[in-house]
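The lines below spell out each chain.
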Amino acid sequence: DSGVTQTPKHLITATGQRVTLRCSPRSGDLSVYWYQQSLDQGLQFLIHYYNGEERAKGNILERFSAQQFPDLHSELNLSSLELGDSALYFCASSTGTVNSPLHFGNGTRLTVT
Amino acid sequence: DAKTTQPTSMDCAEGRAANLPCNHSTISGNEYVYWYRQIHSQGPQYIIHGLKNNETNEMASLIITEDRKSSTLILPHATLRDTAVYYCILSGAGSYQLTFGKGTKLSVIP
């Protein structure tokens, strides 16, 4: 158990809809990262937050947004969903210090029909 | 992040040591070598990381060559539960996120 909690585990929704994925980092970790893993792509970095502030953006679509709240949990919002958004979405956390390892949750499996 | 090269797949007999190689010939001085693994659609699991000295923890050992252009992850006594995709990743001081490649699919065979 990595200590990172992601909810829900599974989500099935229709095209055009909007969903919110939630992540609670390990106790004491200030950084949260979001990754996407679809069948034909590897793990793709989406975005990184540190103590409530956005620190880095990767291949995140404009339809996607994220935030980190004062209690350090994070949410990833996906809107105007398309079939191609079906994927595993992982959250990871770290202490935020240089070269601290990332610890991943077990992901949310999103299916868009 | 600099690029790493890993074999696509490897087999290992149960109970034997699994030695997973990684080439990173363009590694820069402040980049660490990280190893993660992903067991069938679970979240990636951190294994070990190092800069230039060999490292060991309860899961594995990491051997980094003196010129730092390659490294080997050693699982001393592989079990069936070690069957996974293993990722070798470089991460530098200025970059906190990890860039995953395709990794090595390790199959531990009874």
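Coordinates for the structure precede this section.
Definitions and limits used
- Residues numbered from 1 in each chain as written.
- Chains lettered and ligands numbered in written order.
- Predicted model: local features only at pLDDT ≥ 70, side-chain atom pairs only at ≥ 80, totals over all residues.
- Heavy atoms only, no water.
- Pairing = 2+ DSSP bridges.
- Helix = DSSP H or I, 4+ residues; strand = E, 2+ residues; numbered from the N terminus.
- Axes fitted to C-alpha atoms, helices over the stretch in contact; angles between N-to-C directions.
- Phe/Tyr/Trp six-rings, centres within 6.5 Å; stacked < 30°, edge-to-face > 60°.
- Buried < 20%, exposed > 50% of the residue type's maximum accessible area, 1.4 Å probe, protein only.

Undergrad: Help me understand the sheet that holds strand β8 (residues 74–78) of chain A, please; the structure alone is not making it clear to me.
TA: Note: strands within a sheet are paired through backbone hydrogen bonds, in either parallel or antiparallel orientation. All names here are of chain A. The 4 strands lie next to each other as β1-β3-β8-β7, forming an open sheet whose pairing is antiparallel. With partners counted over all chains shown, the strands left at the sheet margins are β1 (5–7) and β7 (64–68), one partner each. Pairwise comparison of adjacent strand axes, ignoring direction, gives a mean angle of 15° for this sheet. Direction of pairing for β7 relative to β8: antiparallel, over a ladder of 5 bridges. Looking at β8, one finds that Q67 is bridged to E75.

Undergrad: Looking at this model, I keep getting lost on the packing of aromatic side chains. Mind explaining?
TA: How two aromatic rings sit relative to each other is set out by the distance from centre to centre and by the angle between their planes. Taken as a whole and assessed by the stated rule, the structure comprises 11 aromatic pairs over all chains. Pairing F64 of chain A with Y89 of chain A gives two aromatic rings, centres 6.4 Å apart and planes at 70°, and the pair type is edge-to-face. One end of the pair, F64 of chain A, is in strand β7; the other, Y89 of chain A, is in strand β9 (residues 87–94), with 25 residues separating them in the sequence. Here the two residues F64 of chain A and Y89 of chain A agree in accessibility, since each one is buried. Here Y32 of chain B and Y34 of chain B contribute two aromatic rings whose centre-to-centre distance is 6.5 Å and whose plane-to-plane angle is 50°, an arrangement assigned as tilted. For Y32 of chain B, a relative accessible area of 22% puts it in the partly exposed group.

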